Amino acid sequence: MSTTDNAPTEAPRSEDSAEAAAQADAHAQADANAQADARAEAAAGAQLSTAPLDDSPADPVGIGVFGWVRWFWRQLTSMRVALILLFLLSLGSIPGSLIPQTQVDELKVAAWKQEHASWVGIAEKLQLFDVYSSVWFSAIYILLFVSLIGCILPRSWQFVGQLRDRPPAAPKRLDRLPAYTTWRTEKSPDEVLTHARTLLGGRRFRTEAAGSSVASEKGYLREAGNLAFHIALIVMLVAFAWGQLFKSEGGKLVLRGKGFSNTLTQYDDFKPGGLFNSDDLPPFSFTLDKFDATFEKSGPQKGTPRDFKAYVTLSEGVDGTPQKREIEVNTPLEVEGSKVYLLGHGYAPVISVTDPNGKVIFKDAVPMLPQDANLTSSGAVKVTDGYKDKNGKKEQLGFNAWFVPTYAGEGKGTMFSQFPELDFPVLALNAYHGSLGVDSGLPQNVYQLDTSKMEKFTDENGELFKRKLLPGETMSLPDGAGTVKFEGIERWATFSVTHQPGSGLALAGAIAAIGGLAASLFIQRRRIWVRAVTGPDGVTVVEMAGLGRSESARLPEELTVLAEALHRQAPSAASAPPVEAPPVEAPPVEAPPVEEPAEVEVEGERG
């Protein structure tokens, strides 16, 4: 047997055992205190936000139908899904901007289908010609709507609970908070706490006295602004849906001296909402008495429009009293919830056509469509009825027309206007005869001539017959086919009559959204605690600390201001040195000078 195995073991001394036990007890107490401080600090910062702690629900494995429904609802109402839906809604709007929409312009849709014949089948299956009323766009819209509501309701309930709660008690170790200061005063703890509660209450803090401390909280409007922003989004979505379903929008070109009545048959084009009823059109009518347009006559801005104004005679209701009104650009005429906008203007040459027997078969002002800022205009004259050639055969006549209010003159340029006003008006026509195609039932552009079923009138050289006319001049068609006379010039204006319910609600929602967003961005949620206790030497020790919901750069500055105000009520004790604040992780922030600056310290971060 080895000597090592037989060696006696020395028993520990009683003094060493007592010291080890004392150290173990000290470590255990320190751990307990650290855990208690951590819990207190967590409670101090808790409930500063109503946002859920975890936005990623666990995988619902084996939880049944109701569990799946609950999981789906949590997913739908999460912030992540709301952002995805908002992104999809924006993405889904792109085809509506790139591809012509049926509700906006059917002619452009037909032209697009002709140019992209190979894509028509796919586009129709995906409802790309009616994007904003399609099933998939409506589904995204409705899901976003439900997601917002499902997010707002629980947060609103939590916010109401926060408003009813009182500020939490101060944590045990105030010196661990981001902003902290301390000093000693000869005032009693009760006097200090009374001054502190009055001071904080005067700064609109919600205060609560608890033992040897005063707890206060401020910035509840931050969450209120956040909720207001989300509620405003819902209001805007409702207003947009309401407006799209019940809206009506139509355009009308009105010649000077002519009128318009607000009925479906009077519109040149009309775009109703999905739930629009023609009985909802308010009864009114107006006559365009005069149209004024002024332009710059010289300088670098020559030809630039200065003012457009339409003078109308308005009659509201069935038997309304006529009244003179004016309509200007961006100043619409408001009638019973509808708005009449002045959109554009132009010229309408007055043209008369006679047949081979000298009978006037057509006389009317023909509106021309402007092509540039100087009102170079194009159009078509269509004689659909009453014409017979010299052999008695019924035909239709058509003329492509160009009109310029200010012509440069022969040999001085092409058929383009030099100025928007009627300084030297000229009308150019070329002539066709045959079938205009207006009886086919297909829509036609009134400013364009379909010559696919027509023949040219030819001149002596066999070329297309065309002439330039001044006001009052007449041209004779070849082979005695009749005459065309440029009688004069009228003016026209185009008006848009819109009825958009929900626009006021949408405006209110937009204003509320901006206000709520500003409140959620600029209002800081924070808490301030003041503790006053009597020290071992009988002198009162005052501690102040603050905690913000986020890293607010204003919190140390605000605590400094409050500490200065409270220090004036409870100045530092003259016979005792100030209590040094323990170091914290954040760099110290020096307080501005006070009556006794050496006795007040502030610790915290500066942004």
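Conventions and cut-offs
Residues numbered from 1 in each chain as written. Predicted model: local features only at pLDDT ≥ 70, side-chain atom pairs only at ≥ 80, totals over all residues. Heavy atoms only, no water. Helix = DSSP H or I, 4+ residues; strand = E, 2+ residues; numbered from the N terminus. Contact = heavy atoms within 4.5 Å. Areas by Shrake-Rupley, 256 points an atom, 1.4 Å probe, with all protein chains shown as cover. Pairing = 2+ DSSP bridges. Axes fitted to C-alpha atoms, helices over the stretch in contact; angles between N-to-C directions. Core = buried A, V, L, I, M, F, W, Y, C linked by side-chain atoms within 4.5 Å. Buried < 20%, exposed > 50% of the residue type's maximum accessible area, 1.4 Å probe, protein only. pLDDT = per-residue confidence, 0-100. Phe/Tyr/Trp six-rings, centres within 6.5 Å; stacked < 30°, edge-to-face > 60°.

Moving on, we come to the overall build of the chain. A count of helices and strands for the chain gives 11 helices and 23 strands. For the chain, contacts bridging at least 24 residues in sequence account for 65% of all contacts bridging at least 6. Here the chain displays about 33700 Å² of accessible surface, and carbon together with sulfur accounts for 56% of that area.

Before going further, it helps to spend a moment on the sheet that holds strand β5 (residues 259–261). Sheet architecture is open: 4 strands sit in the order β5-β7-β8-β9, paired in antiparallel fashion. The open sheet terminates on both sides in strands that have one partner only, identified here as β5 and β9 (323–328). Strand-to-strand twist in this sheet, taken as the mean axis angle between neighbours without regard to direction, amounts to 30°. Bridging between β5 and strand β7 (residues 284–295) involves 3 bridges; their strand directions are antiparallel. Bridged to F260 within β7 is F286.

Another aspect to go through is the nonpolar core. In summary, soluble globular proteins display a tendency toward joint burial of nonpolar side chains. In this structure, V353, F399 and L477 are the most contacted members of the largest nonpolar core, which totals 26 residues. Broken down by secondary-structure element, the contributors of at least two residues to this core are β11 (338–354), β12 (360–365), β14 (377–383), β15 (396–404), β16 (426–434) and β20 (483–499). Among the elements that line this core, the one with the most residues is β15, at 4 residues. Those residues in contact with L477, other than ones at most four positions away along the chain, are L397, F399, A431, F457, F465, G482 and V484.

Right, let's talk about the confidence of the model for the chain for a bit. Interpreting fine coordinate detail is not advised for predicted regions of low pLDDT. Scored by pLDDT, the chain comes out at a mean of 81, with 82% of its residues at no less than 70. Under a pLDDT of 50 for its full length, residues 43–57 has, in the predicted model, 33 contacts with residues more than four places off or in other chains.

Take the packing of aromatic side chains next. Using the criterion set out here, one finds 16 aromatic pairs in the structure. Note on Y132 and F137: the rings are 5.4 Å apart at their centroids and 90° apart in plane angle, and the pair reads as edge-to-face. On the numbers, 6.1 Å between centres and 80° between planes, the contact of W136 with F137 is edge-to-face. Judged by its relative accessible area of 29%, W136 falls in the partly exposed class. Aromatic rings pair up to connect F260, Y267, F270, F276, F286 and F495 into one cluster.

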